[in-house]
Amino acid sequence: MVGPRPGDGQAMKAVNQLLAGVHIAAAAEAIALARGLGLDPGTVVESLKHGAAGSFMFADRGPRMVQAYEDGGEVEVKSRLDIFVKDMGIVTGIARNAHVPVPLAAAAEQLYLLGEGAGLAARDDSSVVTVLSPLSPKSSEISAETTPAVSSAASPEGEGR
């Protein structure tokens with residue numbers, strides 16, 4: 001039992017789906033960025049999935065996102081993308097009714113809607129990565145020579161932190 005009131009279990013499910021949907025969207029965005037920076041997406045997933053940036057969804061969906069590029073977008077369907085269109089719609093609707101802003105959930109919902117519009121509704125939800133970084137090989141990737149260096153140090157003026 002989640003709580004004493006009828007509907008508390010459904011409310012908990014909405015909170016769970018908010019986290020799950022946002023984590024998948026964040027994983028897709030991270031892999032798209034890695035790909036755009038010329039990093040090997042498989043290495044990125046393996047390197048980050050057990051660290052501070054990792055999550056169950058990143059560890060579970062990340063390899064399938066990588067596979068989407070290796071297999072031309074064909075990944076075994078374990079969780080359809082259109083389920084997250086529905087679930088994130090429920091989440092944002094519940095939040096709206098509760099007068100709670102959920103900007104990350106709303107952004108994730110829009111990403112899933114873009115995926116659905118791109119014909120990915122019946123595909124695995126991990127295929128949403130191809131909305132952010134299309135399947136066309138390496139043409140959209142930035143080469144190492146043109147990628148700006150990323151530094152963790154602040155500029156001499158103390159900016160950048």
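What counts, and where the lines are drawn
- Residues numbered from 1 in each chain as written.
- Predicted model: local features only at pLDDT ≥ 70, side-chain atom pairs only at ≥ 80, totals over all residues.
- Heavy atoms only, no water.
- Core = buried A, V, L, I, M, F, W, Y, C linked by side-chain atoms within 4.5 Å.
- Buried < 20%, exposed > 50% of the residue type's maximum accessible area, 1.4 Å probe, protein only.
- Helix = DSSP H or I, 4+ residues; strand = E, 2+ residues; numbered from the N terminus.
- Contact = heavy atoms within 4.5 Å.
- pLDDT = per-residue confidence, 0-100.

Caption draft 1: Highlighting the nonpolar core. Judged by nonpolar contacts, the single largest core of 28 residues is most densely connected at Ile24, Ile31, Met65, Phe84, Met88, Tyr112 and Val128. The element contributing the most residues to this core is helix 1 (residues 8-36), with 8 residues. If sequence neighbours within four positions are ignored, Ile31 has contacts with Pro41, Val45, Phe58, Gly62, Met65, Tyr69 and Val129.

Caption draft 2: Structural view of the confidence of the model for the protein. In the predicted model, the protein carries a mean pLDDT of 86, and 83% of its residues have values of at least 70. When pLDDT is averaged over each element of the protein, helix 5 (residues 103-117) comes out on top at 98 and helix 3 (residues 56-70) at the bottom at 93. Segment residues 139-148: pLDDT under 50, and 8 contacts once partners within four positions in sequence are set aside and those in other chains are kept. The low-confidence segment residues 151-161 (pLDDT under 50) makes 4 contacts with residues lying over four places distant or belonging to another chain.

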